[in-house]
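Geometric and topological summary
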There are 2 protein chains.
Amino acid sequence: MTFDEIDHRLLDTLQRDASRTLQALGEDVGLSASAVQRRINRYRSAGVLARHVAVLEARRTADIVLAVVLVTLERESSGHHDAFAQRLLAVPEVQQAYDVSGDWDYVVVLATIGMARHSELAQHLFKDAPNVKRYTTMFVLDPLRTGTYLPTR
Amino acid sequence: MTFDEIDHRLLDTLQRDASRTLQALGEDVGLSASAVQRRINRYRSAGVLARHVAVLEARRTADIVLAVVLVTLERESSGHHDAFAQRLLAVPEVQQAYDVSGDWDYVVVLATIGMARHSELAQHLFKDAPNVKRYTTMFVLDPLRTGTYLPTR
DNA sequence: TCTGAAAGTTTTCATCC
DNA sequence: GGATGAAAACTTTCAGA
């Protein structure tokens, strides 16, 4: 799928505020509401636009503990990696998980309520997991920016 | 603001799919559409619910380069930190930025289109910044999970 | 204070040109 | 791409628990 200038602007806006009406979006980009609707449907069927979600304010949610954990697995069979990924994805508090290059194998962002729950999860995901070679935890002191914004150009 | 069982279920659902109708949400939790709407408005005015956004599919967006960058600043004046944070937040491709404890000062997630733009930004944000002591870049090979889900209980 | 229902308004959707 | 009418969703209001 190829984007023109208007597509870029629409996708940009939608990623910041998806509660705008088709008409309001149209006024911004100089199109009718119908045309905007057609474009949005096109994004959806092309799989570019995945879903609409509500974003909670971390600072306003009681007792949220955010932590970034770097993980390296044992260098043996590749099956370890699938098993580890499975274990991660089974936990809803695993907010983000990235398979990365470099000194570490995975970057995991944990969002838990309270330190007790964080410890419990860290134990389960990193200490008890048989294939984790080493890991280090960085607690988030201030979430300067959070989000899922992706540029389109 | 204090949550009951229904609030938890609503906030959970809304974070996964905010495109459901008030009526559908109500059927899930056993309330009328009006009652659901009242609760959602309450989340908004309490600042718990920040916004509704569209989420793009990273894998379907052409040439997206995701990278996690760890940064440590010089240990001098605290003004360095504000200046660095400012510089980060001025860049839309800084998808996430966390002030963290531990071996590093900041964790930054960059989402750029293409490696050239990544390098350009890395230069500006980390190489040219006068107060960055060291940084290391981990490129994302596979985004196993991305999102902003926060537990509420 | 919170709920459900109904009325009134806005938005979205599908089809027309 | 724009316009239109029908359907759906949302907002407001009101009476009851």
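Here, the structure is the one placed above.
Not measured: the values here are computed from a predicted model.

**Examining the sheet that holds strand β2 (residues 64–73) of chain B**
If you trace the eight strands once around the closed barrel, you get β2(A)-β4(A)-β3(A)-β5(B)-β2(B)-β4(B)-β3(B)-β5(A), paired in antiparallel fashion. Going across the sheet, the axis of each strand differs from the next one's by a mean of 35 degrees, ignoring polarity. The pairing of strand β3 (residues 94–100) of chain A with strand β5 (residues 132–145) of chain B spans four bridges and is antiparallel. Bridging from a neighbouring strand, Ala-97 of chain A pairs with Arg-145 of chain B of β5 of chain B. Seen against the sheet, helix α5 (residues 115–127) of chain A touches β2 (64–73), β3, β4 (106–113) and β5 (132–145) of chain A and runs at an angle of roughly 150 degrees to β4 of chain A.

**Comments concerning the protein's contact with DNA strand C**
Surrounding DNA strand C, one finds Thr-21, Leu-22, Ser-34 and Gln-37 of chain A together with Leu-31, Ser-32, Ser-34, Ala-35, Arg-38 and Arg-39 of chain B. Taking the atoms of DNA strand C that fall within 4 Å of the protein, sugar and phosphate contribute 54% of them. One of the side-chain N or O atoms of Ser-34 of chain B is found 3.0 Å from a base nitrogen in DNA strand C. Take Arg-38 of chain B: an N or O atom from its side chain is 3.0 Å from a base nitrogen of DNA strand C. The class makeup of the residues in the surface near DNA strand C is three nonpolar, five polar and two charged.

**Comments concerning helix α4 (residues 79–89) of chain A**
Residue and element names in this part refer to chain A. Turning to α4, its buried residues number three or more, namely Phe-84, Ala-85 and Leu-88. What you see down the axis of α4 is that its buried residues fit within an arc of 100 degrees, all on one side. Away from the buried face of α4 by more than 90 degrees, exposed residues Asp-82 and Gln-86 are located.

**Side note on unusual backbone geometry**
All names here are of chain A. Located in the positive-phi region is Asp-63, a residue other than glycine, with phi close to 65 degrees. Position of Asp-63 relative to the elements: it lies in the loop between β1 (49–56) and β2. Take Asp-63: its relative accessible area is 58%, and that puts it in the exposed class.

**Describing the protein's contact with DNA strand D**
Lining the immediate environment of DNA strand D, one finds Leu-31, Ser-32, Ser-34, Ala-35, Arg-38 and Arg-39 of chain A together with Thr-21, Leu-22, Ser-34, Gln-37 and Arg-38 of chain B. In DNA strand D, the atoms that sit within 4 Å of the protein are 43% sugar and phosphate, with bases accounting for the remainder. Taking Ser-32 of chain A, its main chain carries an N or O atom lying 2.7 Å from a phosphate oxygen of DNA strand D. Measuring from a phosphate oxygen of DNA strand D, one finds a backbone N or O atom of Leu-22 of chain B at 3.0 Å. A total of four residues in the surface near DNA strand D trace back to one element, the largest contributor, which is helix α3 (residues 33–45) of chain A. The residue makeup of the surface near DNA strand D, split by class, is three nonpolar, five polar and three charged.

**Looking at the relation of the copies chain B and chain A**
Aligned on chain A, chain B shows an RMSD of 0.2 Å; the corresponding rotation is 180 degrees and the shift along the axis is 0.0 Å. Such a combination of rotation and displacement between the chain copies is what one expects of a two-fold axis. In terms of C-alpha distance to the rotation axis, chain B has Val-53 of chain B as its closest residue, with the C-alpha 2.8 Å off the axis. Taken together, the interface assignments show that 98% of the residues at the interface of chain B recur at the interface of chain A, consistent with an identical surface on both copies.

**Some words on helix α5 (residues 115–127) of chain B**
Residues and elements named next belong to chain B. Of the residues making up α5, those classed as buried are His-118, Leu-121, Ala-122, Leu-125 and Phe-126. Along α5, the residues classed as buried sweep out an arc of 105 degrees about the axis, all on the same side. Those residues of α5 that are exposed and aimed more than 90 degrees away from the buried face are Ala-116 and Lys-127. Tucked into the core, α5 has its buried residues touching β2, α4 (79–89), β3 (94–100), β4 (106–113) and β5.

**Re the packing of aromatic side chains**
All names here are of chain A. Taken as a whole and judged by the stated rule, the model has eight aromatic pairs over all chains. Within the aromatic cluster, the residues linked to one another by ring pairs are Phe-84, Tyr-106, Phe-126 and Tyr-135. Arg-16 extends its terminal NZ or CZ atom over the ring of Tyr-149, reaching a point 4.5 Å from the ring centre. Taking NZ or CZ as reference, Arg-134 lies 4.1 Å from the ring centre of Trp-104, over its face.

**Observations concerning the pairing of β5 of chain B**
As defined by bridge partners, β2 of chain B adjoins β5 of chain B across seven bridges and the pair is classed as antiparallel. Across the sheet, Val-71 of chain B pairs through a bridge with Tyr-135 of chain B, a residue of β5 of chain B.

**Some details on the pattern of salt bridges**
Under the criterion given, the structure shown has 20 salt bridges over all chains. Linking Arg-39 of chain A and Asp-4 of chain A is a salt bridge whose minimum nitrogen-to-oxygen distance equals 3.0 Å. Residue Arg-39 of chain A is found in helix α3, and its partner Asp-4 of chain A is found in the segment before α1 (5–16); the two are separated by 35 residues along the sequence. What makes Arg-39 of chain A buried here is its relative accessible area of 13%. A salt bridge links Arg-20 of chain B to Asp-28 of chain B; its shortest N-O distance comes to 2.9 Å. For Arg-20 of chain B, a relative accessible area of 28% corresponds to the partly exposed category. Judged by relative accessible area, which is 41%, Asp-28 of chain B ranks as partly exposed.

Analysis parameters
Residues numbered from 1 in each chain as written. Chains lettered and ligands numbered in written order. Predicted model: local features only at pLDDT ≥ 70, side-chain atom pairs only at ≥ 80, totals over all residues. Heavy atoms only, no water. Pairing = 2+ DSSP bridges. Helix = DSSP H or I, 4+ residues; strand = E, 2+ residues; numbered from the N terminus. Axes fitted to C-alpha atoms, helices over the stretch in contact; angles between N-to-C directions. Contact = heavy atoms within 4.5 Å. Near = heavy atom within 4 Å. Polar contact = N/O pair within 3.5 Å; in protein donor to acceptor, adjacent residues only side chain to side chain. Nonpolar A, V, L, I, M, F, W, Y, C, P; charged D, E, K, R; others polar. Buried < 20%, exposed > 50% of the residue type's maximum accessible area, 1.4 Å probe, protein only. Arc of directions from axis to C-beta. Least-squares fit on C-alpha atoms with pLDDT ≥ 70 in both. Phe/Tyr/Trp six-rings, centres within 6.5 Å; stacked < 30°, edge-to-face > 60°. Lys NZ or Arg CZ within 6 Å of the ring centre and 35° of its normal. Salt bridge = Lys/Arg side-chain N within 4 Å of Asp/Glu carboxyl O.

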